[in-house]
Amino acid sequence: MSSTGVHDIGGLEEEFGPIDLREHGYQLWEMQVHATLVLLAQRGLLTTDELRRSVEALPGHTSMSYYHRWAAGMTAICIERGTVSAADLNMAHGEPELSVGQQSLVAGQVVRVRREDARVRWRKPHLRTPGYLFGAVGVVERFLGCFPNPEEKAFSSNQEAGLQPLYLVAFKNKDLWKGMEVHGHDGITAEIYQPWLEIIDGKMETNQDPKDNVVRDIKVSSSKVDHGDHVHDTRHETEAEALRRETVHEDPIGKQTGQILLKLLLEKNVFEINEVRKVVEKMDN
C-alpha cells in the first residue's frame, strides 16, 4: 500500500504502530510554540494552511515531535514571508565555526565526541559524525590533515567552506554497544572533525551518564489552594506534573528550534512576551 505523502499514514499501522491515545501534558516550550502560532496568525503573518504545507514538506517529518514540526514549519514560513531572514536565523543559532588551519589535538589524547544537542548550528541533518558516537569517549590515533568542513559545504552555494582539522579516533566496541563486553579488545575507528571533539582529563571514563540519585525531602501542603476564580493544585501535585512533563517526551532539538524562533520574533517586536504568557496561561489552565 502506498501513500501520497509523509502525512498520509492511514491504514499503515504495521509500519507506524497503533495510535497513542494517552493523555500528555505540555512542556513550557511546546506551549510557547503554540502561542507563537496563535500570535503570528492574529497578525496575518501565517495561516493554518501554510503551516500544514510547510510541515508536510519537512525532511525527517516522521521523526519529529508534534510541536517540533510546528516550530520548524513556522520558521520556514517566517523566512518565506520575510518576517525573519535566513541570516537572522543562522546567527541566532550561534556563530558559525571559524576556519582552523592547524591541529590542536595529538595522538594519544583522550577525547569525547560532543552530543548532537551540544551543537549550536541549525542547518541539519547533514552531520558527518556517526550518531552512535555522540557522547562516546575515545583516543586520538592520528591527525589526518585539514579539509573544508563538509557540514558547511553541504549548504554553501559557493562551496568556500572553512578548513577544519580531521582526526582518526579509536573507540572500544564495549563502550559503544551493549553485549560487546566479551569482545573487550575489539574496536572501531572513525574520522571526526575537530569541532566535534572535546578533550577530557585523566583516564578513559564510562560513556554512560551517572544516574540522578538526588534525594528530596520537602514538606509540602496536602491541600489545594482556592482563590475563588481558580484553584491551585497542591505543591506535591504541581511538582509531580512538572517532572512528568519534562520526561514524557524529550525533544531538545525541537525545543531549541521553538525557543530560537520565539527569541527572533520578540527581538523584531513582532509581538511581546506578555502576549505569549497570556496564551500559555490559557493552555495551562
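Look up: the structure comes first, before these words.
Residues numbered from 1 in each chain as written. Predicted model: local features only at pLDDT ≥ 70, side-chain atom pairs only at ≥ 80, totals over all residues. Heavy atoms only, no water.

Here we take up the packing of aromatic side chains. Applying the stated rule across the entire model yields 7 aromatic pairs. Taking the centre distance of 4.9 Å and the plane angle of 70 degrees together, the rings of Tyr67 and Trp70 count as edge-to-face. Within this pair, Tyr67 and its partner Trp70 are both found in helix α4 (residues 66-81), separated by 3 residues, close to a single helical turn. Take Tyr67: its relative accessible area is 5%, and that puts it in the buried class. (Phe/Tyr/Trp six-rings, centres within 6.5 Å; stacked < 30°, edge-to-face > 60°. Helix = DSSP H or I, 4+ residues; strand = E, 2+ residues; numbered from the N terminus. Buried < 20%, exposed > 50% of the residue type's maximum accessible area, 1.4 Å probe, protein only.)

With respect to the helices and strands, Ala136 occurs in the loop between β1 (110-113) and β2 (137-148). Assessed through its relative accessible area of 3%, Ala136 is described here as buried. Residues Ala136 and Leu197, spaced 61 residues apart in sequence, show a C-alpha to C-alpha distance of 10.0 Å.

Time to look at the packing of helix α2 (residues 28-42) against α4. With their axes 9 Å apart at the nearest point, α2 and α4 run at an angle of 35 degrees to one another. Two packed elements cross with a definite hand, and for α2 against α4 that hand is left-handed. Mapping the contact onto sequence places Trp29, Glu30, Val33, His34, Thr36, Leu37 and Leu40 in α2 and Tyr67, His68, Trp70, Ala71, Met74 and Cys78 in α4. When the residues that make up the contact of α2 with α4 are grouped by side-chain class, the tally is 9 nonpolar, 3 polar and 1 charged. (Axes fitted to C-alpha atoms, helices over the stretch in contact; angles between N-to-C directions. Left-handed = near helix turned anticlockwise from the far one by under 90°. Contact = heavy atoms within 4.5 Å. Nonpolar A, V, L, I, M, F, W, Y, C, P; charged D, E, K, R; others polar.)

The N-to-C vectors of α2 and helix α10 (residues 273-284) enclose an angle of 120 degrees; their axes lie 9 Å apart at closest approach. The handedness of the crossing between α2 and α10 is right-handed. Here α2 contributes Leu28, Met31, Gln32, His34, Ala35, Val38 and Leu39 to the contact with α10, which in turn contributes Glu275, Val276, Val279, Val280, Met283 and Asp284. Each residue belonging to the contact of α2 with α10 can be placed in one class, and the counts come to 9 nonpolar, 2 polar and 2 charged.

Our focus in this paragraph is the nonpolar core. Leu40, Met74, Leu265 and Phe271 are the most contacted members of the largest nonpolar core, which has 28 residues in total. Of all the secondary structure elements, the ones that give two or more residues to this core are α2, α3 (48-56), α4, α9 (252-267) and α10. Here this core gets 7 residues from one element, more than from any other, and that element is α2. In contact with Met74, not counting residues within four places along its chain, are Val33, Thr36, Leu37, Leu40, Leu46, Leu51 and Leu261. Formed by 15 residues, the second largest nonpolar core is a distinct cluster that contains Leu105, Ile192, Trp196 and Leu197. (Core = buried A, V, L, I, M, F, W, Y, C linked by side-chain atoms within 4.5 Å.)

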